[in-house]
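Architecture at a glance
Spelled out, the chains give:
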Amino acid sequence: MTYQHIIVSKETERKFAVAQLNRPQALNALNFELMTELVSAFRDFAKDPVVNAVVLAGNEKAFAAGADIKEMATATSVEMLTKGYLEMWDELHAFKKPIVVAVSGYCLGGGLELAMIGDIIIASETAKFGQPEINIGVIPGAGGTQRLARLAGKMKAMELILTGRQFGAEEALQMGLANKIFPVDSYLDEAKKLAAEIASKPPMAVRLAKEAVLRAASTNLQNDVEFERRLFALLFATEDMREGMQAFIEKRKPVWKGR
Ligand code: DAK
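Computed from a predicted model, the values in this text were never measured in an experiment. (Residues numbered from 1 in each chain as written. Predicted model: local features only at pLDDT ≥ 70, side-chain atom pairs only at ≥ 80, totals over all residues. Heavy atoms only, no water.)

**A few points about the pairing of strand β1 (residues 6–11)**
Spelled out, the test is: We call two strands paired when DSSP finds no fewer than two bridges between them. The helix and strand labels rest on DSSP assignments: H or I over at least four residues marks a helix, E over at least two residues marks a strand, and numbering proceeds from the N terminus.
Summarising the sheet, β1 and strand β2 (residues 16–21) pair through six bridges and their orientation is antiparallel. Bridge pairing in β2 places S9 opposite V18. In this structure, the hairpin formed by β1 and β2 is closed by a connection of four residues, where K15 is found at a positive phi of approximately 60 degrees.

What follows is the structure, given as structure tokens:
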């Protein structure tokens with residue numbers, strides 16, 4: 001299958017696949033089409049016996065700057081809950097093979113949520129992480145409040161989610177979000193090396209190890225993610241959400257009304 005918004009390749013010798021987000025003009029913002037393609041690629045990886053691990057990457061400037069705000073700006077709560085978007089994220093979350101995420105540049109909002117669905121994060125020195133949704137009148141809606149709080153602890157997650165502040169690779173490493181940091185020119189190769197190493201292990205043991213480790217961090221995760229989603233969709237009924245997203249599109253500062 002050919003894709004428009006992602007680039008997929010397979011290293012059959014080293015037994016892993018690479019999915020690279022490829023909407024550079026929008027800093028790899030995750031629009032509906034890109035997500036559809038990504039899910040389709042992962043369905044193929046799931047079935048392919050040559051693929052024992054996956055590297056998920058963006059480009060040097062951006063892993064992904066979040067969900068596509070231009071697409072979301074006019075969406076209704078009902079559309080957010082029914083358009084099939086939620087199912088796509090669920091499907092990625094349910095992927096059984098290990099995902100090594102290679103992050104350089106912006107990894108924000110839904111971009112960070114996607115990275116956290118992965119299993120290991122290799123960051124470049126220029127990686128910039130953040131959950132900036134608050135700045136456009138919403139909250140993380142793809143598990144960010146839950147996964148970041150479980151990874152970094154309540155206080156840290158609270159600060160990052162309430163301020164929307166961006167943070168670098170070093171801070172990500174300290175809080176246990178990133179596993180390793182490498183220079184920009186080698187981070188992707190290092191992610192591939194790690195994927196190849198994991199892919200050389202016995203596939204069934206790897207799969208069950210992933211499932212078991214996820215259990216440690218996921219008590220009630222699915223329920224809590226559902227809860228977060230409902231709050232996210234609820235914010236689509238507010239004027240501040242319309243204002244926040246419109247202000248981003250118009251490249252101006254939003255004016256909040258508290259309603
Ligand atoms: N959406 C759409 N377009 C984006 C974008 C985004 N998230 N981020 C950047 N772009 C576009 C810009 O509009 C610009 O397009 P043109 O003006 O050239 O047409 C182009 O990419 C380059 O961006 P900038 O000109 O803004 O570049 P700068 O270097 O000045 O700034 C930046 C880079 C990353 C700081 C800035 O672009 C930025 O703040 N971007 C938005 C970051 C953000 O707020 N992300 C969170 C979005 S909300 C859910 C699933 C997912 C989600 C929620 C629910 N469910 C399953 C329920 C996720 C939500 C989000 O991610």
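**Brief notes about the pairing of β2**
Under the convention used in this document: Only protein chains enter the calculation, and the probe is 1.4 Å; a residue is then buried if its accessible area is under 20% of its type maximum, exposed if over 50%, and partly exposed in between. With strands facing away from the observer, any crossover in which the path from the first strand over the helix to the second runs clockwise is taken as right-handed.
With respect to burial, β2 is a largely interior element, five of its six residues being buried. Taken together, the five bridges between β2 and strand β3 (residues 53–57) define a ladder with parallel strand orientation. Note on β3: the bridge partner recorded for Q20 is A57. With helix α1 (residues 32–47) bridging β2 and the parallel β3, this β-α-β connection has right-handed handedness.

**Structural notes on the side chain of D48**
What counts is decided by this rule: When checking whether two residues touch, look at their non-hydrogen atoms; a contact exists if any pair is within 4.5 Å.
Its location among the elements puts D48 in the loop between α1 and β3. According to the relative accessible area criterion, D48 is buried, its value standing at 16%. Ignoring any residue separated from it by four or fewer positions in sequence, one finds D48 in contact with K10 and K97.

**Let's talk about the site of the ligand**
Under the convention used in this document: Working definition: residue near molecule or strand if any one of its non-hydrogen atoms lies within 4 Å of it. For the purposes of these results, a polar contact is taken to be a pair of N or O atoms within 3.5 Å, where, inside protein, one atom must be able to donate a hydrogen and its partner to accept one; residues adjacent in sequence count only when each atom of the pair is a side-chain atom. The Shrake-Rupley method, run with a 1.4 Å probe, gives the accessible areas here. Residue values count only the displayed protein chains as cover. Note on residue classes: Ala, Val, Leu, Ile, Met, Phe, Trp, Tyr, Cys and Pro are nonpolar, Asp, Glu, Lys and Arg are charged, and everything else, Gly too, is polar.
Near the ligand lie 28 residues; those nearest to it are A65, A67, I69, G110 and K251. Within the contact set of the ligand, an oxygen atom lies 2.7 Å away from a backbone nitrogen or oxygen of G110. Protein chains bury 77% of the 1100 Å² of accessible surface belonging to the ligand in isolation. Sorting the residues of the shell around the ligand by element identifies α2 (69–72), α4 (85–93), β6 (106–108) and α5 (110–117) as the ones contributing at least two each. Looking at side-chain class alone, the shell around the ligand contains 17 nonpolar, six polar and five charged residues.

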